[in-house]
Amino acid sequence: MRNSDFPVSLANDFERFKRELPRDFPAHVRDVYRINLAARYLDEPLPHPIGKGSGQLSLNVGQLETDAEAGLAFAVLKTVIAQDAAGAQSMAAWAIHESKMNVERRGDSWTVTWKGRGWDRSFDDYLALVRASWDFTASGALLAVPSVKYHLPRLGEPFRDEEYAFTTRALAHAWGQSPLLLEKDFSPTLAGDRLSDEKAQILRWLREVPQRIRAQANVRLAMKLMNARFDDDFQQEMMHAASGADTLVVFNRLFDVERGVAYGGSELSTRNLRVLDRPSGRPAVRPSLSGTGNIHSGRLIVEYAIRGCSSVQLHTFFQLPLEEYPATEGSRTQRVLHALIFDPRDGLIAVMLERERANTLHRRNGELHFLDLCAPRVN
Ligand SMILES: Cc1cc2nc3c(=O)[nH]c(=O)nc-3n(C[C@H](O)[C@H](O)[C@H](O)COP(=O)(O)O)c2cc1C
């Protein structure tokens, strides 16, 4: 196929897939465009890089079914608050119930305003969701992994290991296989909390939490880093301190101290990409990175990928008013994937072909590879 044919077939695919996106679109992309979208999250192979970040959109089996049917690559379950065997939660302030979410414009992008925090149903309910997630994962339908917020002590105080023990072991038991795949959330509301006033305290958490979790079970661990209320240098220091994780999710939303809410939008992606852009801003090989923050186009996926992210996790883009998506039919998940992959100007295919034309991405054995975008930089 000649290069000049691509825009035509892409425009056609974009149009016809508005009505129905084929579930195995990665195979179609490989056949027609000779583009291999294979990606990785937590060292697991994925058919493409797009997943759903933890939140209100991964609270139940129905949501996972819709995501699996649409062909989403992975989903991170809503964050559960750790507890000990007696049910005590040191981070109980995060287990609050709040249902109302507002999707608002923020600059030229979107943000979701919501005062809720972690999982607010029982831990047993969460374990049931984790068992179902294992079934989705084992069948290859959708990689779905749990997320936890554990106790974080003040400097000089010990970690409450009983919470780490009870919660990690119960999740490992519910997950069908060893290792347990797990995300540890350091949330934006935590960044806004007095607990996060001290840099040394945050760095201690990032250094010590991986070993606290790993002492309880065989865990492959992603740590989702917050945007702390300090400068870019500190953000980078946090990444170094967290090197005991297998994967870092970079970086959760910003915190508006005046309004007391977390927010996203272009301010979030600007800050995240700026930090990842620093020459020593990211590890050469490990931990691997998964990008999050204001991703609403294939072009933004590529921006995160060229800074080392081998997968991406979106939340806000799944919540836009339906008329904002170019697709006219299908689930929200299908409409999101359609826009991110097939948009003829800013979709992932278009941007990878653009980089080929600019000589910044090269074919191997006739194919362009998504993972070649995130090959480690030589510094
Ligand atoms: C309403 C809402 C709830 C969220 N809840 C969680 C959560 O429980 N745990 C977590 O790790 N991230 C949570 N997030 C963060 C998202 O997973 C995501 O990383 C972040 O919003 C940045 O991506 P986005 O700009 O695509 O929304 C939440 C985000 C929103 C908007």
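Here goes a summary of the coordinates provided.

Notes on the nonpolar core
For step 1, the next point in the chain: In this structure, W205, M223 and F342 are the most contacted members of the largest nonpolar core, which totals 116 residues.
For step 2, the next point in the chain: Counting residues per element, this core draws most heavily on helix α4 (residues 123-138), at seven residues.
For step 3, the next point in the chain: Not counting the four nearest positions on each side in its chain, W205 is found in contact with L152, P153, F159, F186, L190, L195, S196, P210 and M226.

Thoughts on the site of the ligand
For step 1, the next point in the chain: The local shell around the ligand holds 19 residues, among which S54, K78, T79, N294 and T316 are the closest.
For step 2, the next point in the chain: Measuring from an oxygen atom of the ligand, one finds a side-chain N or O atom of D185 at 3.2 Å.
For step 3, the next point in the chain: In this structure, an oxygen atom belonging to the ligand sits 2.8 Å away from a side-chain N or O atom of T292.
For step 4, the next point in the chain: Protein chains shield 96% of the accessible area of the ligand, which is 610 Å² for the free molecule.

Considering the packing of helix α9 (residues 266-277) against helix α10 (residues 298-305)
The geometry of a pair of packed helices is captured by two quantities: the angle between their axes and the separation between those axes.
For step 1, the next point in the chain: As a packed pair, α9 and α10 sit with axes 10 Å apart at the nearest point and diverge in direction by 30°. One element, α9, and the other, α10, form an angle in the roughly parallel class. Between α9, through S269, N272, L273 and L276, and α10, the contact on the second element is made entirely by L300, E303 and Y304.
For step 2, the next point in the chain: Of the residues contributing to the contact of α9 with α10, the split by class is four nonpolar, two polar and one charged.

Some remarks on the pairing of strand β5 (residues 74-81)
For step 1, the next point in the chain: Within β5, eight of the eight residues are buried, leaving the element largely enclosed by the surrounding structure.
For step 2, the next point in the chain: Across two bridges, strand β4 (residues 50-52) lies against β5 in parallel orientation. Looking at the pairing, G51 lines up with F74 of β5.
For step 3, the next point in the chain: Direction of pairing for β5 relative to strand β8 (residues 143-149): parallel, over a ladder of six bridges. Paired with V76 across the bridge in β8 is V145.

Calculation criteria
- Residues numbered from 1 in each chain as written.
- Predicted model: local features only at pLDDT ≥ 70, side-chain atom pairs only at ≥ 80, totals over all residues.
- Heavy atoms only, no water.
- Core = buried A, V, L, I, M, F, W, Y, C linked by side-chain atoms within 4.5 Å.
- Buried < 20%, exposed > 50% of the residue type's maximum accessible area, 1.4 Å probe, protein only.
- Helix = DSSP H or I, 4+ residues; strand = E, 2+ residues; numbered from the N terminus.
- Contact = heavy atoms within 4.5 Å.
- Near = heavy atom within 4 Å.
- Polar contact = N/O pair within 3.5 Å; in protein donor to acceptor, adjacent residues only side chain to side chain.
- Areas by Shrake-Rupley, 256 points an atom, 1.4 Å probe, with all protein chains shown as cover.
- Axes fitted to C-alpha atoms, helices over the stretch in contact; angles between N-to-C directions.
- Parallel < 35°, antiparallel > 145°, perpendicular 65-115°, else oblique.
- Nonpolar A, V, L, I, M, F, W, Y, C, P; charged D, E, K, R; others polar.
- Pairing = 2+ DSSP bridges.

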